[in-house]
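# Tertiary structure, described
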Amino acid sequence: MDIEKIQKELCQKYGALFFPLDLNVKLGIADDFFSEKLPLNGLRIPPGGSTCGWFLWAGEEMSQNDDYFKPLHVIHLIEKYPKALKYLGLPPGWRFLFAGDYEDAWLDEKLLNG
């Protein structure tokens, strides 16, 4: 699977710049992301330190609990949920949502303002 090619194609589809992703950095992921709960969501804030800025969760709303997101190296999504990888080339400020056959991604500029 050529992850970078798939990510570039998705960015082109939504008119977004491709923001390369190091598979060895961490993202924040909620335990419920690997459940059967839908929709699956992701948002990306500007990266910092050893994180890429992505946060992934399942359900209608994201929890505000401090321990909701756990660190996970991006490379482990290949084993656990490869479908999400295609979205991770989107730049900071972008969100995605998918549930079954429905998929969408959009720019949310509020994510860039802290």
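Attention in this report is confined to the structure presented alongside it. (Residues numbered from 1 in each chain as written. Predicted model: local features only at pLDDT ≥ 70, side-chain atom pairs only at ≥ 80, totals over all residues. Heavy atoms only, no water.)

### Side note on the pattern of salt bridges
Heads up, the rule is: Salt bridges are defined as contacts in which a side-chain nitrogen from Lys or Arg sits within 4 Å of a carboxyl oxygen from Asp or Glu. Note on conventions: DSSP H or I runs of at least 4 residues are helices, E runs of at least 2 residues are strands, and numbering of each starts at the N terminus. Exposure categories follow from relative accessible area, calculated using a 1.4 Å probe and restricted to protein chains: below 20% of the type maximum is buried, above 50% is exposed, and the middle band is partly exposed.
Taken as a whole and judged by the stated rule, the model has seven salt bridges. Lys70 is the salt-bridge partner of Asp31, the closest N and O atoms lying 3.7 Å from each other. Note that Asp31 is positioned in the loop between strand S1 (26-30) and strand S2 (40-44) and Lys70 in strand S4 (residues 69-73), a separation of 39 residues in sequence. Taking the relative accessible area as the measure of exposure, Asp31 reaches 57% and is therefore exposed. Among the residues examined, Lys70 registers a relative accessible area of 33% and is labelled partly exposed. Residue Lys37 is joined to Asp32 by a salt bridge in which the shortest nitrogen-to-oxygen separation is 3.8 Å. For Lys37, a relative accessible area of 42% translates into the label partly exposed. If you follow the salt bridges from partner to partner, you end up with Lys83, Lys86 and Glu103 in one network.

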